[in-house]
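Per-entry structural report
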Amino acid sequence: MTDTISTTFPGPTVPGPGEAGATPRPRPAAQQPDWPDRPVLRAVTEELAALPGLVLAEECDRLTDRLAAVARGEAVLLQGGDCAETFDGVTEEHVRGIFGTLAEMRALIAEGARLPVVQVGRIAGQYAKPRSSPWETRNGETLPAYRGDLVNGLAFTSRSRTPDAGRLRLGYRVSATTLNLLRALAARRDGEFWTSHEALVLEYERALTRETPSGVYDLSAHLVWVGERTRQPDGAHLDFVAGIRNPVAVKLGPTTTADEALTMVDQLDPDRTPGRLTFISRMGADAVRDRLPELVSKVEASGARVVWMCDPMHGNTFVMPSGYKTRDLDRVMDEVRGFFEVHAGLGTHPGGLHVEMTGEPVTECLGGTPPVTPDDVPIRYETACDPRLNRRQSLDLARVLAELYTEQPPCRR
Ligand code: PEP
Ligand code: CO
């Protein structure tokens, strides 16, 4: 985990377990923007705090119920969307593309697994990115790295790269626009669709956190997750999600130890509520067979009923000689196979798939039918951050998943 910019965040909004009455202690928050204008930040977060949440607490509870079925081996979770949504990228075509492609993937997986599939988009709020370096240098000029549209602009100019708290307001509005369309699309199909994003910029997440009659919820999305770079045991991100009642997830990379995973279980799911906690394994095709078994077996032994899902994207990214960041669908599929092998070996349920994808025919990842070749990559390389599977590649992957579920009947518990 790389801890780049780190500010100190005040302690939990609500006391953590066993902390009732305790004075909140400051916790370091990794990957936070260095907002130059604190008064603007304060004004914008106060404004957001007075606006309605984007989702309802009872919807979050219903998603927890759906995820409990996944945790029991009675359903499958499919989570997908852009690595980084952009404000300009929210067009009807783009949102329909993701919604429609996820629906096609869902149908394939549901048929193979003969189980219901819970559909969650990385959408309507996926606007903030952790970065491995806080700086980017081009042609001798160094500027702050792009941290997602919620924070600064992708254009490589000093003005665009300066964090602007006014963007938090825009993030809320564009999320609401996206959600409006998603709700209409889901209603037309008489189906359920849930939203999620990485809970990264804590000022934004806190501004949309509400005390409701059933407890404290982050109403910016149904589910939020903590990323690989911000899951420090004593850090502000895990502390934040410990204090909300939404279903939450944490990414687990290849350096995760079983003790770290067990500490997260105790912190985030002290009552062992199925559906409350999802672990998103993103080990890489080379590491998954080696690293995942110990985590799964020890977490299962703790009595927790978490959802285990596979993100076969983030451990398999590489830079081609041409300079483009890409992923090869064969490696992605190999990680998914490894993930299923691990669960088959332990008798646990492979809960689902987390992917970066889009409905459009982009050429950001290699492989598929017909294959995207290294020469094709520059043709439609449009992502603001990591390379996404296009629709065909997403369906190829969903077919592999369907086959794996058919071969390996889910284990109920
Ligand atoms: C992401 O999901 O885009 C991401 C940054 O993932 P991770 O935290 O697993 O690296
Ligand atoms: Co990504």
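What comes next is a walk through the structure. (Residues numbered from 1 in each chain as written. Chains lettered and ligands numbered in written order. Predicted model: local features only at pLDDT ≥ 70, side-chain atom pairs only at ≥ 80, totals over all residues. Heavy atoms only, no water.)

**Here's the deal with the coordination of the cobalt ion (ligand 2)**
Using the following cut-off: Donor selection uses N, O and S atoms within 2.8 Å of the metal (3.2 Å for Na, K and Ca). Since no water is included, sites may look incomplete. Under the scheme used here, helices are H or I runs from DSSP no shorter than 4 residues and strands are E runs no shorter than 2 residues, and both carry numbers assigned from the N terminus. Each residue is assigned to one of three classes by its accessible area relative to the maximum for its type, calculated with a 1.4 Å probe on protein chains only: buried under 20%, partly exposed between the two thresholds, exposed over 50%.
Only Cys83 (SG), His314 (NE2), Glu356 (OE) and Asp386 (OD) from the protein coordinate the cobalt ion (ligand 2), and they sit 2.1 to 2.4 Å from it. Considered as a linear motif, the donors of the cobalt ion (ligand 2) on their single chain read C-x230-H-x41-E-x29-D. Of this pair, Cys83 sits in the loop between strand E3 (76-81) and helix H3 (92-113) while Asp386 sits in the loop between strand E16 (352-356) and helix H11 (391-407), and the two are 303 residues apart along the sequence. Asp386 shares its class with Cys83; the two are buried.

**Concerning the site of ligand 1**
The following threshold applies: Residues are labelled near a given molecule or strand when at least one of their non-hydrogen atoms is within 4 Å of it. Pairing of N or O atoms within 3.5 Å defines a polar contact, subject to two protein rules: one partner must be a possible hydrogen donor and the other a possible acceptor, and residues neighboring in sequence count only if both atoms are side-chain atoms. The Shrake-Rupley method, run with a 1.4 Å probe sphere, supplies the accessible areas, and residue values consider only the shown protein chains as cover.
Around ligand 1 lies a shell formed by Cys83, Arg122, Lys129, Pro130, Gly227, Glu228, Arg229, Lys251, Arg282, His314 and Glu356. Arg229 places a polar side-chain atom, nitrogen or oxygen, 3.3 Å from an oxygen atom of ligand 1. Separating an oxygen atom of ligand 1 from a side-chain N or O atom of His314 is a distance of 3.0 Å. Summarising the interface, the protein chains cover 97% of the accessible area of ligand 1, which totals 300 Å² for the free molecule.

**Points about the environment of Met333**
Heads up, the condition is: Throughout, a contact is declared for two residues whenever any of their heavy atoms are within 4.5 Å.
Assignment of secondary structure puts Met333 in helix H10 (residues 329-346). As a C-alpha pair, Met333 and Leu397 span 64 residues in sequence and 6.7 Å in three-dimensional space. Residues in contact with Met333, not counting those within four places in the same chain, are Asp396, Leu397 and Val400.

**A look at helix H9 (residues 288-301)**
Here is the rule: How far a helix is expected to stretch is found by multiplying one less than its residue total by 1.5 Å. The arc in question is formed by the directions pointing from the helix axis toward the C-beta atoms.
The end-to-end C-alpha distance of H9 is 20 Å, a good match for the 20 Å that 14 residues give at a rise of 1.5 Å each. Of the residues making up H9, those classed as buried are Val288, Leu292, Leu295, Val296, Val299 and Glu300. Seen end-on, H9 carries its buried residues on one side only, within an arc spanning 120°. Turned more than 90 degrees off the buried face of H9, the exposed positions are Asp290 and Ala301. Where H9 is buried, its residues meet strand E11 (248-252), helix H8 (258-268), strand E12 (277-281), strand E13 (307-310) and H10. With its phi angle positive at about 90°, Gly303 sits one or two positions after the end of H9.

**Some words on helix H5 (residues 166-188)**
Between the first and last C-alpha of H5 there are 34 Å, a value that for 23 residues agrees with the 33 Å anticipated at 1.5 Å per step. Within H5, the full set of buried residues consists of Arg167, Leu168, Gly171, Tyr172, Val174, Ser175, Thr178, Leu179, Leu181, Leu182, Leu185 and Ala186. A positive phi of about 60° marks Asp190, the residue just after H5.

**Let's talk about the pairing of E3**
What counts is decided by this rule: At least two bridges found by DSSP between two strands is the condition for calling them paired. Place the viewer so that the strands point away; then a crossover is right-handed whenever the path from the first strand over the helix to the second strand goes clockwise.
Most of E3 is tucked away: six of the six residues are buried. The two faces of E3 match: Val76, Leu78 and Gly80 on one face and Leu77, Gln79 and Gly81 on the other face are all buried. Here E3 runs beside strand E4 (residues 117-122); their pairing, made up of six bridges, is parallel. Considered in E4, the bridge of Gly80 is made with Gly121. This β-α-β element, E3 to H3 to E4, shows right-handed connectivity. Here E3 pairs with E16 via five bridges, running parallel. If you follow Leu78 over to E16, its bridge partner there is Leu353.

**Things to note about the layout of surface pockets**
Rule in force here: Computed over the protein atoms alone on a 1 Å grid, cavities are sets of points where a 1.4 Å probe fits but cannot get out and pockets are open sets with protein on both sides within 12 Å along at least five of seven lines; a residue lines them when it has an atom within 4 Å of a point. Grid points are joined across faces, edges and corners, and a volume is the space filled by probe spheres set on the points. Residues were grouped as follows: Ala, Val, Leu, Ile, Met, Phe, Trp, Tyr, Cys and Pro as nonpolar; Asp, Glu, Lys and Arg as charged; and all remaining residues, including Gly, as polar.
The calculated volume of the largest pocket comes to roughly 750 Å³. What lines the largest pocket is a set of 33 residues, among which Pro130, Arg131, Lys325, Cys385 and Asp386 lie closest to the centre. When residues of the lining of the largest pocket are assigned to their parent elements, the largest contribution, three residues, is made by strand E5 (residues 135-138). Looking at the lining of the largest pocket, its residues break down into eleven nonpolar, eight polar and 14 charged.

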